[in-house]
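# Structure assessment
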Amino acid sequence: MNQNRLISPIFILFLLISAVSAATPVKETTIDGDYPWIRVDMTGGHEHCVGEQFTISGTTNLPIGYSLIFETMSMSYSPGASNAGEYSGQSEILKVVKGDPYNKWSVDIDTSTFEPDEYIVNVESVETTSTATTSFDLLEKGATATAIKTTTPTITVSSPTSSATAVTTTSTQAPPATTAAP
């Protein structure tokens, strides 16, 4: 009889421990043991022209071989809306490849069939809940990039006995023109 009294609390304790461990979320697998993340690196800049070819790449702590869904599409495209416009963009499945210190991914973009607009870039892991989003502007073919405001400090010293005067010159200049690929 004492044995039955001991078995019941042990069984209840076992059920409680099982329920708690089943409800505890399991950390997703990554190369560094951290929560999974994806980063987009727009080294080519955020402005491009129709017809240009460039690469969008990034890093991740996801393991080699994991799949990523890459999609870029015109911000004007809105499926189901009365003014949806035509689809302009690119979608594909990418694989995470070896990188150091973090793994990497990349995709080549050919904008020859894209329409000028702002484009959203979304990269999403198939195996985890990780996503990354950015955007770029696609200008008309042959357009030049917008003017960039630059500030150049100039220091003038008139004599060793007088104090130095700092002057800041602000100018607006256009960056070098980007030529589109043939």
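Report follows, based on the coordinates.

Definitions and limits used
- Residues numbered from 1 in each chain as written.
- Predicted model: local features only at pLDDT ≥ 70, side-chain atom pairs only at ≥ 80, totals over all residues.
- Heavy atoms only, no water.
- Pairing = 2+ DSSP bridges.
- Helix = DSSP H or I, 4+ residues; strand = E, 2+ residues; numbered from the N terminus.
- Axes fitted to C-alpha atoms, helices over the stretch in contact; angles between N-to-C directions.
- Core = buried A, V, L, I, M, F, W, Y, C linked by side-chain atoms within 4.5 Å.
- Buried < 20%, exposed > 50% of the residue type's maximum accessible area, 1.4 Å probe, protein only.
- Contact = heavy atoms within 4.5 Å.
- Phe/Tyr/Trp six-rings, centres within 6.5 Å; stacked < 30°, edge-to-face > 60°.

## Section: the sheet that holds strand 6 (residues 103-110)
- Pairing in this open sheet of three strands is antiparallel, and the strands run 1-3-6 from one edge to the other. A single partner strand is all that each edge strand has here, and the edge strands are strand 1 (38-41) and strand 6. Strand-to-strand twist of the sheet, defined as the mean angle between neighbouring strand axes without regard to direction, takes the value 25°.
- Relative to strand 6, strand 3 (residues 53-60) runs antiparallel, the two sharing eight bridges. Counted as the bridge partner of Thr-60 is Asn-103 from strand 6.

## Section: the nonpolar core
- The biggest cluster of nonpolar side chains holds 20 residues, and the ones touching the most others in it are Ile-56, Leu-68, Phe-70, Trp-105 and Phe-136.
- When contributions to this core are tallied by element, the ones reaching two or more residues are strand 3, strand 4 (67-74), strand 6, strand 7 (117-125) and strand 8 (131-139).
- Setting aside residues no more than four positions away along its own chain, Ile-56 makes contact with Val-40, Met-42, Phe-70, Trp-105, Ser-106, Val-107, Ile-109, Val-121 and Phe-136.

## Regarding the packing of aromatic side chains
- Under the defined criterion, the tally for this structure stands at six aromatic pairs.
- Seen in terms of ring centroids, Tyr-77 and Tyr-87 are 5.4 Å apart; in terms of plane orientation they differ by 85°. Their pairing is edge-to-face. Of this pair, Tyr-77 sits in the loop between strand 4 and strand 5 (89-95) while Tyr-87 sits in the loop between strand 4 and strand 5, and the two are 10 residues apart along the sequence.

## Here we look at the sheet that holds strand 7
- Ordered by their spatial adjacency, five strands build an open sheet running 2-8-7-4-5, and the pairing between neighbours is mixed. A single partner strand is all that each edge strand has here, and the edge strands are strand 2 (47-49) and strand 5. Geometrically, the sheet is characterised by an average inter-axis angle of 25° between neighbouring strands, direction not taken into account.
- The sheet contact formed by strand 2 and strand 8 spans three bridges and is parallel.

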